[in-house]
Amino acid sequence: MNVSPVNTPLGIDRRRLLQLGGALAAATSLAACSGTGSAGTGGAGDKDKASITVWSWLEPAKALKAMVPEFRKKHPGIKVTVQDIGNPAIWDKITTGMAAGGEGLADVLHIGVDYLPGYAEKFPDGLADLGGLGATKYRGAFAPGLWRTVSPDGKRVNALPWEANSAGFWYRADLFEKAGVDAGALATWDDAIEAGKKIKAKTGIRLIGIDKPASQADAANFFQMLLQLQGTFYFNADGDITLDSPEAVRAMKIIKRMNDAGLVSDFSGGWNTMVRSLKKSTVAVHPSPTWFGGVIEREVPQQKGKWRVQLPPAVRPGGSRSATVNSTHLAVAGSSPHQAAAWSFVEYVLTRPASQAKIYRSAAIAPALMEAYDDAAFHQPSAYFGGQKRGEVFLKALKAPSPAFNYSADYARALKVVTDAQTKVLLKGADPADVLGDAADQLGKQTGRKIVR
Amino acid sequence: MSAVLHKAPAATAPARAARARRSRPRGRLAPYLFILPALVLFAAFKLYPIGWSFVLSLHKSVGGTDTFVGADNYRRLIDDPLFWTALKNTAVVLAVQVPVMLALATGLAVALNSTLLHGRSVFRLGFFLPMVTGLVAYGIVFSVLLHQEYGLVNWFLELLGSDGIPWLTDPLWAKISIGLALTWHYTGYNAVILLARLQTVPKELYDAAAVDGAGPWHTFRHVTLPGLRPALLLTTVLSTIGTLQLFDEPYVLTKGGPDNATLTIGVYLYQTAFKYFDFGYASAIAYALAVLIGILGLIQFRVLGDKS
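Everything quoted here is computed from the prediction, not taken from an experiment. (Residues numbered from 1 in each chain as written. Chains lettered and ligands numbered in written order. Predicted model: local features only at pLDDT ≥ 70, side-chain atom pairs only at ≥ 80, totals over all residues.)

## What about the overall build of chain B?
Thinking step 1. The secondary structure content of chain B amounts to 13 helices and two strands.
Thinking step 2. Sequence separation of at least 24 residues holds for 67% of the intrachain contacts in chain B that already meet a minimum separation of 6. (Helix = DSSP H or I, 4+ residues; strand = E, 2+ residues; numbered from the N terminus. Contact = placed C-beta atoms within 7 Å.)

## Observations concerning the overall build of chain A
Thinking step 1. When helices and strands are tallied, chain A shows 16 helices and 10 strands.
Thinking step 2. Its C-alpha atoms give chain A a radius of gyration of 24 Å, within 12% of the compact-globule value 22 Å for 453 residues.
Thinking step 3. For the C-alpha atoms alone, the extent of chain A along its principal axes is close to 80 × 65 × 50 Å.
Thinking step 4. Relative to its full complement of 453 residues, chain A shows a buried share of 51%.
Thinking step 5. Long-range pairs, those at least 24 residues apart, make up 77% of the contacts in chain A with a sequence separation of at least 6. (Rg over C-alpha atoms; globule rule 2.2 N^0.38 Å. Buried ≥ 20, exposed ≤ 12 C-beta atoms within 10 Å, placed from the backbone.)

## Some thoughts on the pairing of strand S4 (residues 160-166) of chain A
All names here are of chain A.
Thinking step 1. Burial analysis of S4 places seven of its seven residues in the buried class, which makes it a mostly covered element.
Thinking step 2. As paired elements, S4 and strand S10 (residues 324-332) share six bridges and run antiparallel to each other. Bridged to Ser166 within S10 is Thr324. (Pairing = 2+ DSSP bridges.)

## Section: the UniProt feature "domain: ABC transmembrane type-1" (unreviewed entry) in chain B
Thinking step 1. Residues annotated by UniProt as "domain: ABC transmembrane type-1" (unreviewed entry) correspond here to residues 87-300 of chain B.
Thinking step 2. Here residues 87-300 of chain B is 77% helix and 0% strand, with 18 Å between the C-alpha atoms at its ends. (UniProt positions renumbered as here; feature names shortened; annotations may be inferred.)

## Comments concerning the sheet that holds strand S5 (residues 169-172) of chain A
All names here are of chain A.
Thinking step 1. Judged by pairing direction, the sheet is antiparallel, and its three strands sit side by side in the order S8-S5-S9 without closing on themselves. Of all strands in the sheet, those with a lone pairing partner are strand S8 (285-286) and strand S9 (307-310), marking the two edges.
Thinking step 2. Sheet topology places S5 next to S9; four bridges connect them, and they run antiparallel. From the neighbouring strand, Phe169 faces S9, where its bridge partner is Gln310.

## Quick look at the packing of helix H4 (residues 81-113) of chain B against helix H10 (residues 216-244) of chain B
Residues and elements named next belong to chain B.
Thinking step 1. Contact pair H4 / H10: the axes reach a minimum separation of 10 Å and the direction vectors enclose 145°. Between H4 and H10 lies a crossing whose hand is right-handed. Residue-level inspection shows Thr90, Val93, Leu94, Val98, Met101, Leu102, Ala105, Thr106 and Val110 of H4 in contact with H10, the latter providing Thr224, Leu228, Thr235, Thr236, Ser239, Thr240, Thr243 and Leu244.
Thinking step 2. Its residues assigned to classes, the contact of H4 with H10 shows nine nonpolar, eight polar and no charged. (Axes fitted to C-alpha atoms, helices over the stretch in contact; angles between N-to-C directions. Left-handed = near helix turned anticlockwise from the far one by under 90°. Nonpolar A, V, L, I, M, F, W, Y, C, P; charged D, E, K, R; others polar.)

## Notes on the domain arrangement of chain B
Residue and element names in this part refer to chain B.
Thinking step 1. In terms of domains, chain B is made up of domain 1 (2-57) and domain 2 (75-304).
Thinking step 2. On the domain 2 side, the residues contacting the four residues of domain 1 number six residues.
Thinking step 3. Tallied by class, the residues present in the side of domain 1 that touches domain 2 amount to two nonpolar, two polar and no charged. (Domains from an automatic or database assignment.)

## Quick look at the domain arrangement of chain A
All names here are of chain A.
Thinking step 1. Segmentation of chain A into domains returns domain 1 (50-166 + 326-399) and domain 2 (169-321 + 410-447).
Thinking step 2. The C-alpha centroid of domain 2 is placed 27 Å from the C-alpha centroid of domain 1.
Thinking step 3. Across the boundary between the two partners, domain 1 contributes 20 residues, which contact 16 residues of domain 2.
Thinking step 4. Residue classes in the side of domain 1 that touches domain 2 are distributed as 10 nonpolar, six polar and four charged.

## Considering the nonpolar core
Thinking step 1. Core analysis: the largest hydrophobic core is formed by 196 residues, its most contacted members being A:Val108, A:Leu243, A:Val332, A:Val346, A:Val418 and B:Ile285.
Thinking step 2. No other element matches helix H8 (residues 171-198) of chain B, which puts 12 residues into this core.
Thinking step 3. Residues in contact with A:Val108, not counting those within four places in the same chain, are A:Ile52, A:Val54, A:Leu330, A:Val332, A:Ala342, A:Phe345 and A:Val346. (Core = buried A, V, L, I, M, F, W, Y, C linked by C-beta atoms within 7 Å.)

## What to know about helix H13 (residues 353-363) of chain A
All names here are of chain A.
Thinking step 1. Taken together, the buried positions of H13 are occupied by Ser355, Gln356, Ile359, Tyr360 and Ala363. Here the buried residues of H13 occupy an arc of 135° about the axis, which is enough to place them on one side.
Thinking step 2. Elements in contact with the buried residues of H13: helix H2 (58-74), helix H11 (292-299) and helix H12 (339-351).
Thinking step 3. Immediately downstream of H13, the backbone of Ala364 shows phi near 55°, a positive value. (Arc of directions from axis to C-beta.)

## Concerning the sheet that holds strand S1 (residues 50-56) of chain A
Residues and elements named next belong to chain A.
Thinking step 1. Reading across from one edge, S2-S1-S3-S10-S4 is the order of the five strands in this open sheet, with mixed pairing throughout. Each of the sheet's edge strands pairs with one partner strand only, and the pair in question is strand S2 (78-84) and S4. Within the sheet, the average angular offset between the axes of one strand and its neighbour, ignoring direction, is 20°.
Thinking step 2. Summarising the sheet, strand S3 (residues 108-112) and S10 pair through five bridges and their orientation is antiparallel. Residue pairing in the sheet places Gly112 in a bridge with Thr328 of S10.
Thinking step 3. Across the sheet, H12 lies against S1, S2, S3, S4 and S10, angled at about 145° from S10, the strand it touches most.

## Here we look at the environment of A:Phe123
Residue and element names in this part refer to chain A.
Thinking step 1. For Phe123, the position within the fold is in the loop between helix H4 (116-122) and helix H5 (146-150).
Thinking step 2. Given 24 C-beta atoms within a 10 Å radius, Phe123 is considered buried.
Thinking step 3. As for Phe123 and Lys280, which are separated by 157 residues in sequence, their C-alpha atoms are 44 Å apart.

## A short note on the confidence of the model for chain B
Thinking step 1. This prediction gives chain B a mean pLDDT of 85; 89% of its residues lie at or above 70.
Thinking step 2. Across residues 1-11 of chain B, where pLDDT falls below 50, the model places one contact with residues more than four positions away in sequence or in other chains. (pLDDT = per-residue confidence, 0-100.)

Below you can see the structure in the form of C-alpha cells.
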C-alpha cells in the first residue's frame, strides 16, 4: 500500500538515509540555540514616554500589576504591561532570550538570587547597569548583605533587591500541643528531632517534608537553610567549593537522622505535593522562608488559628537562628531600548516604602527595603496566625548581620550534585560525608573551581 | 514562449533547435527555484545551527567571552561520569524497551490485520491515539497516575491489598515507569507502520503456505516476518533514534532522577546548555550523540537491511 515507506531497494536507502539525516540534524541543532552576540544593544530611550514590558510570576506578578495604575498617575507617558511567565518557566525564557543576544526579552525582569550571578557572568551585557541610571544612591537602603548580591564589584549594579526571605519555622501549634511539645523551647535541630518523634508517636504525623528523589531543582532547600544558619554555603566568598565542609556534613547528618527516624514525608512532585500535604496535614513543620506564610493563608484558609511561626532552631547550641536564605530582584534588560523608563518603574516599586508596604499587605512578600518596615503593616497581629505579629518575627532576623552567600555562576551545577547527594542519603541510606565528598569532587571537575577542605 | 510561437508558426528546424538550446538553462533553473524556499529554510534553521554548534563545541565560555579550546570539550566528555551514566541508561532502554515494544507492535499489527476482528478501525484508531497526544501532556498525566502517595495506580494497588510502588522515586522503578510510558506512547504508532507493510504481503504466499501444510506459527515465522522485514528495519531505526534522543518523558516525569537513574543524553544536554549555560560542552554532547546515532543506524542497515 502507499503508506508503506519502502518500494525498491534504491528507494529504501535514500529515504531512510534522509530520515536518519533529519534525526541527526534535530540532535545537533538543539544545542545550537545559543549565540554570543552582545546583548547590550539597548539604550536609555525616552525617560517619560515609552511602552515597557515586565516579566514576573504568580503572586509577585499580581502585586506588580496592582502597582501600575498609581505609577501611571506619576508617569502618564509610560505604558506598563506585566506578564506572568510562571516559575520555573521564566528562567528558561530569560536564558534563551539572553543567549539570543537579548532578542525578545522584556524590559524589566524579575530574577531570583539563584539565577542573578549566572546571568550576570555568562551574559555580561544581558543586564543593564543600573548604576548609570541612578541606583547607586540606594546602596544602604536594603537588608544587610544584599547590595553585594546585586553589585559584586561595588561598581556595576545588575539589579535592585525586591524581596528578602529569612529562614522560618512554620509549625502547627495544635499538633505540638497535642504531643505536649513546647515549640518555643526548641533551641537546636536535635531538640526538634526529639519533638518530631513525640509528635509522630502521638499524632502519627511526620515532622517535615523533603522532595526525596529530587524531582524538582529546589529539593535541597532545607539542607541549604541548615548551611546558611551556620553562615556557610556551597561556595565561599572567593568562589571556591565548600560543599563537604564540616558544616555541610553536620547539616546532612541532621537530615539523615530525621529520615532514619521516619520523620520525613516525601514531597516528590514539588509544589503540588506540598500543597496537597498542607491540605491533608501530613507534616507538622514547614522549615520555609518568609514568603511561605502567604502560601499557608491562601491555600488552607480552613486551618486558621492552627499555625504559628518562629525563627528556626540553631544547628548547634548557641548558634545563629537567623539567615537571609534567598532574595529576588528586579533587573533591566541590556537589550531594552527603554532602560530609563524601565528604571523609573523599578525605582517606583522597590525604593518607595509605600509601594513595598502595599505589596506586603496584598501578597505578603517581605521587602528588602528596610525603611518599608516602619509601616504599620509589619507590626499588626495576624488573625490567621493566632494574633502573632509575624512581620516582626522576620524583621528581627532581617536586621541581624547576615553574610552575603556567594551563589556564583555555577549555582545550578552545585544544586544538582547536592540534590543527588541528598537523594543517595534519603533513599539509599548513604553516608553524608562520603556523598558530599564525591559531590564536591564532581563539582570541582565540572567547573574547574578549587575545593576547600 | 507562446507569443514567439504565434509570430513564427512555421519555424524552421534549426530555429527550433536554437530555441530549445536557449530554453534548456531556464528549464534547469525552474526546479531549483521551486525548492529554493525549502532550501533556504533548511539552511537557516538546520544547516546553520548544525555548523554553528560544531564551532561552539570547540569553544568554552569564560566570563562571557568565548575562547577556543580545541577538542577540550570532547576530552572532558570521555572523563564525565554523568555522560556515561546517561549513555548507560539509554542503552538499557534500547536493549529492553525497544525490543519489547516492537514485539508488542508486531503482535498488535497481526491482530489488527486479522479478519476475525470486528470493528478493526476502532481498535486501530484507539491504539494510534496515544501518538497524537502531546508529549508533555501525557507526561503530566503519567506523573499524576504514578505518584507514590496520591497516584491513581497506587490507590488501586492498595485497594487490592498490596503496598504502593515507588514508581518515580526508586531508581529501578523510575526506569520501568519511563519504559511503560514510552511503550504506551509508541507501540500503536509502530503497529500502524507494520500493519501498512503487512497489507502488502501477497495473499498467495499465505495460500501457498496453507497448501504446504504450514500452521499459524510457521506461517508467521516464514511468511509474515520476512514480509515485514523492511518495515521492521524502519521501526527499529526510528525507535533507536527516538530512544537516543529521549528527552520529554524523563524531563516531565523524573527530571532525570532519582540520583540520575533516568538521566538521558537529551536531558543532560538540556541541563548543560540551559541550566548551566555551558553551550560549548552541550554542543560537544550533541555531536557525540549524532555520531552515535549515525553508527548505530549504519549497523542496523547492515544487519536488517535488504541483502540484495
